[in-house]
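# Breakdown of the fold
Okay, here's what each chain looks like letter by letter:
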Amino acid sequence: MGFPKNFLWGGATAANQYEGGYLSGGKEPSTLDAITGGSHTTSRKITYKTKEGKIESVTREKSLPTGAIGYIDPEQYYPSHVATDFYHHYKEDIALFAEMGFKCFRLSINWSRICPKGTDKVNEEGLAFYDAVFDELLKYNIEPVVTINHFDIPMYLADELDGWSNRKVIDYFLFFCETIFKRYKDKVKYWMTFNEINFLRSWTQIGIHDSSLQGKYQAAHHLFVASAKVVKLGHQINSDFQIGMMVAYIPSYPMSCRPEDVMESVQFNREQEFYIDVQVKGYYPAHKLKQFEREGVVIKKEAGDDELIKEGTVDYIGFSYYMSTVSSANPDKVKFVGGNQMPAVKNPYLEESDWGWGVDPLGLRISLSKLYDRYNIPLFVVENGFGAVDTVESDGAIIDDYRIDYFKKHVAAMKDAIDLDGVDLIGYTPWGCIDLVSAGTGEMKKRYGFIYVDLDDHGQGTLKRSRKKSFNWYKQVIATNGEKLENN
Ligand code: BG6
């Protein structure tokens, strides 16, 4: 009983938050390179140039006006440009992951490092960089787990083609995938197509200018077709490939047993499960088609799209789990707290992190059970973690007992899901296993890592790495395959 023998313990990162090397080795900008830092209370901003040539900005959640293009303002600080500099520290970092006993490491490939404009021109130096990274991982028997696309798109495709609104982007993405699949087919087995596909809705993430319902779902259709084509292509290139999807899963509980509250929670959960339905079951669920009818959304499809979606279903479900939320039929009466990519509703039974994210370990077991009951394919928790302010003591120690406590309960919840519910769980990669830039706020202060990186919210610091107390704790968890969770 307990975690399976080959369980993939590891950690997760994303290129735009960790890699840096923004214009190094032939890379060109991606949309995420035009988004400034922010804070707990101030939004990150996207700087852009209007059609008339004026420099303006909008908050991260909004899309740019039609015709506007991304702009990198030399006066501003952009956290992705250096991030925590995996580009220059990968050997040191991977050695630290190996010391913790990682069996796998989740990273994303920067599309604009491989295809600088996102088109069909390949940058050999970019390919060589990831070759070096994969070789270093394999040297320590660490299995790479690759997110093909994590929250960004080459800026050229956003500026010139309006990103994923444009069907041509499917072909460019497929070209990018074919390039990396062929190049890394003997080094990488585990892939995921799009990070948190249910949150792809704005210019920074998918390069679109129209983020109306019509614009969002048309782009989603293109993402689904792309994902299906990629799954089929990947399996042709190497039949051993395991290609998954990735969704942000935030289970919603009804505020009460009042049927109206329950219906609200059904609707909330459906919205995220819609993305899983299409990629796992291979079709658009009936409730979504009805919603399209009601809201006047008309998806432009090409002949064969539905068949493709049916044929290109994924091998496993990767999902992020940070918190649960609550649904109420009276949204004006609820209190909102912080949350992953969107505010969540306060649950009075839960404690919250410094950023207001509710801590709900049982919610992870609930999610695993629900997803496995519903889809019956392997699950992979590819993100989970606790963003907190860490203090470096005068002797350099970082005593992050709060993080250990969070992980301890979540690992126990996964064990219950395996032992008591029979869930087929293949791995666990805590988010930001090494400190990196926050996606939501652009801060460094909000840290997730077992490894501390000396860098502040303004890009100042030595980038020196040091082990937090949780480093040794996680090492013990991996060494005992999840059996020994106490914090010594
Ligand atoms: C997920 C993303 O939304 O949550 C990550 O896949 C992100 O990119 C993580 O960093 C944690 O969110 P945040 O806003 O605390 O960085």
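Residues numbered from 1 in each chain as written. Predicted model: local features only at pLDDT ≥ 70, side-chain atom pairs only at ≥ 80, totals over all residues. Heavy atoms only, no water.

### Overview of the overall build of the protein
Secondary structure summary: the protein contains 14 helices and 19 strands in total. Against the globule reference of 23 Å for 488 residues, the protein gives a C-alpha radius of gyration of 21 Å, in line with a compact fold. Summarising its shape, the C-alpha atoms of the protein cover approximately 60 × 55 × 45 Å along the three principal directions. For the protein, the proportion of its 488 residues judged to be buried stands at 59%. A sequence separation of at least 24 residues applies to 74% of the contacts in the protein between residues at least 6 apart. Within the structure as shown, the protein displays about 18,600 Å² of accessible surface, and the carbon and sulfur contribution to it stands at 51%. (Helix = DSSP H or I, 4+ residues; strand = E, 2+ residues; numbered from the N terminus. Rg over C-alpha atoms; globule rule 2.2 N^0.38 Å. Buried < 20%, exposed > 50% of the residue type's maximum accessible area, 1.4 Å probe, protein only. Contact = heavy atoms within 4.5 Å. Areas by Shrake-Rupley, 256 points an atom, 1.4 Å probe, with all protein chains shown as cover.)

### Some remarks on the nonpolar core
The biggest cluster of nonpolar side chains holds 142 residues, and the ones touching the most others in it are F97 and W164. When residues of this core are assigned to their parent elements, the largest contribution, 11 residues, is made by helix 8 (residues 213-237). Those residues within four positions of F97 in sequence are excluded, and the remaining contacts are Y18, F102, F105, I142, C433, I434 and I451. (Core = buried A, V, L, I, M, F, W, Y, C linked by side-chain atoms within 4.5 Å.)

### As for the sheet that holds strand 7 (residues 190-194)
Strand order in the closed barrel made by the eight strands is 1-5-6-7-8-10-16-17, with parallel pairing throughout. Going from strand to strand, the sheet's axes swing by 30° on average, the running direction of each strand aside. (Pairing = 2+ DSSP bridges. Axes fitted to C-alpha atoms, helices over the stretch in contact; angles between N-to-C directions.)

### Some words on the sheet that holds strand 4 (residues 69-70)
If you walk across this open sheet you meet the three strands as 3-2-4, and the pairing is antiparallel. Looking at strand neighbours, the two that pair on one side only are strand 3 (55-59) and strand 4, the edges of this open sheet. Pairing analysis gives five bridges linking strand 2 (residues 45-49) to strand 3, with the strands arranged antiparallel. When the bridges of strand 3 are listed, T47 appears paired with S57.

### Describing the confidence of the model for the protein
Averaged over every residue, the pLDDT of the protein is 96; residues scoring 70 or more account for 100%. Within the protein, the lowest mean pLDDT, 89, falls on strand 12 (residues 336-337), and the highest, 99, falls on strand 5 (residues 104-108). (pLDDT = per-residue confidence, 0-100.)

### Regarding the site of the ligand
Taken together, 16 residues surround the ligand, and among them Q17, E196, N340, K446 and Y448 come closest. At 2.6 Å from an oxygen atom of the ligand is found a side-chain nitrogen or oxygen belonging to N340. Between an oxygen atom of the ligand and a side-chain N or O atom of K446, the distance comes to 2.6 Å. More than half of the atoms of the ligand fall within 2 Å of the grid points belonging to the largest pocket. Grouping the constituent residues of the shell around the ligand by class yields six nonpolar, seven polar and three charged. (Near = heavy atom within 4 Å. Polar contact = N/O pair within 3.5 Å; in protein donor to acceptor, adjacent residues only side chain to side chain. 1 Å grid on protein atoms, 1.4 Å probe; cavity = no way out; pocket = protein on both sides within 12 Å on 5 of 7 lines; lining within 4 Å. Sits in = over half its atoms within 2 Å of the grid points. Nonpolar A, V, L, I, M, F, W, Y, C, P; charged D, E, K, R; others polar.)

### A word on the environment of T313
Looking at the secondary structure, you find T313 in the loop between helix 11 (305-311) and strand 10 (316-320). As for T313 and I197, which are separated by 116 residues in sequence, their C-alpha atoms are 15 Å apart. Sequence-distant contacts of T313, defined by excluding residues within four places in its chain, comprise V231, Q279, V280, K281 and G282.

### Some details on a nonpolar patch on the surface
A contiguous nonpolar patch, built from V262, M263 and V266 and spanning about 210 Å² of accessible area, is present on the exposed surface. One can find M263 in helix 9 (residues 259-281). (Patch = residues over 30% accessible without salt bridge, like charges linked within 9 Å, V, L, I, M, F, W, Y side chains within 5 Å. Salt bridge = Lys/Arg side-chain N within 4 Å of Asp/Glu carboxyl O.)

### Description of helix 10 (residues 286-295)
If you check which residues of helix 10 are buried, you get K288, Q291 and F292. Taken around the axis of helix 10, the buried residues stretch over an arc of 100°, which confines them to a single face. Within helix 10, the exposed residues directed more than 90 degrees away from the buried face are A286, E293 and R294. Trailing helix 10 by a residue or two, G296 shows a phi angle of about 70°, which is positive. (Arc of directions from axis to C-beta.)

### Observations regarding the packing of aromatic side chains
By the definition in use, this model includes 47 aromatic pairs. An angle of 70° between the planes, with centres 6.0 Å apart, marks the rings of Y217 and F274 as edge-to-face. Of this pair, Y217 sits in helix 8 while F274 sits in helix 9, and the two are 57 residues apart along the sequence. F274 shares its class with Y217; the two are buried. When the ring centre of Y284 is taken as reference, the NZ or CZ atom of K301 above it lies at 4.8 Å. Lying over the aromatic face of F471, R467 brings its terminal NZ or CZ to 5.4 Å of the ring centre. (Phe/Tyr/Trp six-rings, centres within 6.5 Å; stacked < 30°, edge-to-face > 60°. Lys NZ or Arg CZ within 6 Å of the ring centre and 35° of its normal.)

### Things to note about the UniProt feature "active site" (unreviewed entry) in the protein
Per the UniProt annotation, the sites labelled "active site" (unreviewed entry) are E383. Structurally, E383 is set in strand 16 (residues 379-383). Not counting residues within four places of it along the chain, the set of residues in contact with E383 comprises R106, H150, N195, E196, M246, F319, S320, Y321, Y322, T429 and W431. (UniProt positions renumbered as here; feature names shortened; annotations may be inferred.)

### Brief notes about the pattern of salt bridges
In total, this model carries 38 salt bridges according to the counting rule given. The partner of R113 in a salt bridge is E19, and the shortest N-O contact between them spans 2.7 Å. Of this pair, R113 sits in helix 3 (residues 111-114) while E19 sits in the loop between helix 1 (15-18) and strand 2, and the two are 94 residues apart along the sequence. Its relative accessible area of 1% is what places R113 among the buried residues. Take E19: its relative accessible area is 1%, and that puts it in the buried class. Salt-bridge contacts for R403 lead to D390; the nearest nitrogen and oxygen are separated by 3.2 Å. Taken together, the positions of R403 in helix 13 (residues 401-419) and D390 in the loop between strand 16 and helix 13 put the pair 13 residues apart, joining distant regions of the chain.

### A short note on the side chain of T50
Structurally, T50 is set in the loop between strand 2 and strand 3. Non-local contacts of T50, meaning those with residues more than four positions away in its chain, are made with E56 and A68.

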